[in-house]
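Residues per chain are reported as follows:
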Amino acid sequence: MNQFSCPLPAADGEHSWPATRQATVLRVAGDQAQTDVDEVIEEVPVALVFNGISHAVLLATPSDLDDLALGFSLSEGILASRGELYDCEQHPHPRGIELRLEIATQRFMALKERRRNLAGRTGCGLCGLESLDALARPLAPVPAGQPISAAAIGHGLAELPTWQRLRHTTGAVHAAAWIDRDGHIRALREDVGRHNALDKLLGHLARQEQAVEDGFVLVSSRASYEMVQKVAALGIRSLVAVSAPTALAIRLATDTGVTLTGFARDQRLVVYSHPEGITL
């Protein structure tokens, strides 16, 4: 298995970035107020640099950055396989973190052809596209497979809170989970950005060579066009969201063969595309 990581070189500590920090706050309850210490999530600019060329700056939680680097590269179509990422190094910066990736020459040349300046991906999935034509990224249809049971979705939802460590601590992050056919969570990643959390999860699945037909992705947010695009790019058949999808996400899911489910909560769900992918 081709393993890689993004190690953080030894630093003087001034520019290290933990996932959370403590903040002094004033808690008010009715007519009572007291000073307290609260745990807050970090949001750090993370620059992805491919073969020396900066391509994107994400606002992300500084954890599982090796997964983020690989997941972003695959889900954005920069790489076709994990083996095309040769090296990844994490470098602290006064204003954030640089992830310096070495990728296959052919992939780098293709990236230069469509190079764009992306920023703030937590808010917009299409920032930096130069034209409407660039939206039409070709995606192979996701192969049909064995459907997922509604009971497995319910079981995964029930397990979700116990896995969301950063959310429990800070209340300010999204999660993306990989759930097997029995409804058990096998992996989960968290981030201030829902797209980043998904990329971290997808990077983890790619590094572990997870058979994507053996489960589904659950996200603790709405389902956007880009999130459908990302799971389809990795051949994942089913995306479940606890909130609503957008109309554009539904159209893309319909076109690519993704079973898109929303409002999954309290033993209820709404299937928006390819209902044959869900069994009752």
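Residues numbered from 1 in each chain as written. Predicted model: local features only at pLDDT ≥ 70, side-chain atom pairs only at ≥ 80, totals over all residues. Heavy atoms only, no water.

**Q** Would you take a moment to explain the sheet that holds strand β11 (residues 215-219) for this structure?
**A** Sheet strands pair via backbone hydrogen bonds, and the direction of the pair is either parallel or antiparallel. If you trace the 6 strands from one edge of the open sheet to the other, you get β10-β9-β11-β12-β13-β14, paired in mixed fashion. What marks the edges here is a single partner per strand, and that holds for β10 (185-191) and β14 (268-271). Strand-to-strand, the axes of this sheet are offset by a mean angle of 20°, without reference to chain direction. Where β11 and strand β12 (residues 238-241) come together, 3 bridges link them in parallel fashion. When the bridges of β12 are listed, L218 appears paired with V240. In the packing of helix α6 (residues 225-233) onto the sheet, contacts are made with β11, β12 and β13 (259-265), and the angle to β12 comes to roughly 150°. (Pairing = 2+ DSSP bridges. Helix = DSSP H or I, 4+ residues; strand = E, 2+ residues; numbered from the N terminus. Axes fitted to C-alpha atoms, helices over the stretch in contact; angles between N-to-C directions. Contact = heavy atoms within 4.5 Å.)

**Q** Where do I start with α6 in this structure?
**A** Turn by turn, an α-helix covers 3.6 residues, leaving residues three or four places apart pointing in a common direction. Among the 9 residues that make up α6, 8 are buried, leaving the element largely enclosed by the rest of the structure. Those residues of α6 that sit buried are Y225, E226, M227, V228, Q229, K230, V231 and A232. Backbone geometry just downstream of α6 places G235 in the positive-phi region, at approximately 80°. (Buried < 20%, exposed > 50% of the residue type's maximum accessible area, 1.4 Å probe, protein only.)

**Q** Quick question: what am I supposed to make of the packing of helix α1 (residues 65-75) against helix α5 (residues 194-207) here?
**A** Axes are the key here: two packed helices are described by the angle between their axes and the distance separating the axes. The geometry of α1 relative to α5 is characterised by a closest axis approach of 6 Å and an angle of 90° between their N-to-C directions. As the angle between them shows, α1 and α5 are arranged roughly perpendicular. Seen from α1, the contacting residues are D66, D67, L68, L70, G71, F72, L74 and S75; seen from α5, they are N196, D199, K200, L202, G203, H204, A206 and R207. Across the contact of α1 with α5, the residue classes break down as 6 nonpolar, 5 polar and 5 charged. (Parallel < 35°, antiparallel > 145°, perpendicular 65-115°, else oblique. Nonpolar A, V, L, I, M, F, W, Y, C, P; charged D, E, K, R; others polar.)

**Q** Any chance you could explain α1 here in plain terms?
**A** By the criterion of burial, α1 is predominantly enclosed, with 11 of the 11 residues buried. For α1, every residue scored as buried is listed here: L65, D66, D67, L68, A69, L70, G71, F72, S73, L74 and S75. Where α1 ends, the next residue or the one after it, G77, has phi of about 80°, a positive value.

**Q** Where do I start with the pattern of salt bridges in this structure?
**A** As a working rule, side chains carrying opposite charge can pair if their charged atoms are close by. Tallied over the entire structure, the rule returns 16 salt bridges. In this structure, E226 engages K230 in a salt bridge whose closest nitrogen and oxygen atoms are separated by 3.7 Å. In this pair, E226 and K230 both sit in helix α6, 4 residues apart, roughly one turn of the helix. A relative accessible area of 3% places E226 in the buried class. One salt bridge in this structure joins E276 and R237, with 3.4 Å as the shortest N-O distance. (Salt bridge = Lys/Arg side-chain N within 4 Å of Asp/Glu carboxyl O.)

**Q** Help me understand the environment of I179, please; the structure alone is not making it clear to me.
**A** Here I179 shows up in strand β9 (residues 174-180). I179 sits 35 residues away from D214 along the chain, and the two C-alpha atoms are 8.6 Å apart. Apart from the residues lying within four places of it in its own chain, the contact partners of I179 are A152, G156, H184, I185, D214, G215, F216 and L218.

**Q** What should I look at first to understand the pairing of strand β2 (residues 32-41) in this one?
**A** In the case of a regular strand, side chains alternate between the two sheet surfaces. Bridge analysis of strand β1 (residues 20-29) against β2 gives 10 bridges, and the strand direction is antiparallel. Looking across to β2, one finds that V28 is bridged to A33.

**Q** Explanation requested: the side chain of D191 in the structure shown.
**A** Here D191 lies in strand β10. Looking at D191, its side chain comes within polar contact range of the main-chain nitrogen of T61, at 2.9 Å. In terms of polar contacts, D191 uses its side chain to reach the side chain of N196, at 3.1 Å. Look past the residues within four positions of D191 in its chain and what remains in contact with it is L59, A60, T61, V173, H174, N196, A197 and K200. (Polar contact = N/O pair within 3.5 Å; in protein donor to acceptor, adjacent residues only side chain to side chain.)

**Q** How do you make sense of the nonpolar core when you look at a structure like this?
**A** Generally speaking, a soluble globular protein has its nonpolar side chains buried in company with each other. F50, L101, I103, W178, V217, I236 and L239 are the most contacted members of the largest nonpolar core, which totals 51 residues. Ignoring any residue separated from it by four or fewer positions in sequence, one finds I103 in contact with F50, N51, I78, L79, E84, L85, Y86 and F108. Counting residues in hydrophobic clusters, the runner-up holds 16 residues, among them L160, A175, L188 and V242. (Core = buried A, V, L, I, M, F, W, Y, C linked by side-chain atoms within 4.5 Å.)

**Q** Mind showing me how you'd approach the layout of surface pockets here?
**A** The rolling of a water-molecule-sized probe over the atoms marks out the regions of remaining empty space. Within this model, the second largest pocket holds a volume of roughly 210 Å³. When its residues are assigned to classes, the lining of the second largest pocket shows 6 nonpolar, 2 polar and 3 charged. (1 Å grid on protein atoms, 1.4 Å probe; cavity = no way out; pocket = protein on both sides within 12 Å on 5 of 7 lines; lining within 4 Å. Points joined across faces, edges and corners; volume = space filled by probe spheres on them.)

**Q** Would you take a moment to explain unusual backbone geometry for this structure?
**A** Backbone geometry follows two general trends: most residues other than glycine have a negative phi, and most peptide bonds adopt the trans configuration. In this structure, E209 is a non-glycine residue whose phi angle is positive, near 55°. Note on placement: E209 falls in the loop between α5 and β11. Residue classification places E209 among the partly exposed residues on the basis of a relative accessible area of 48%. Its identity is not glycine, yet F263 carries a phi of approximately 50°, on the positive side.

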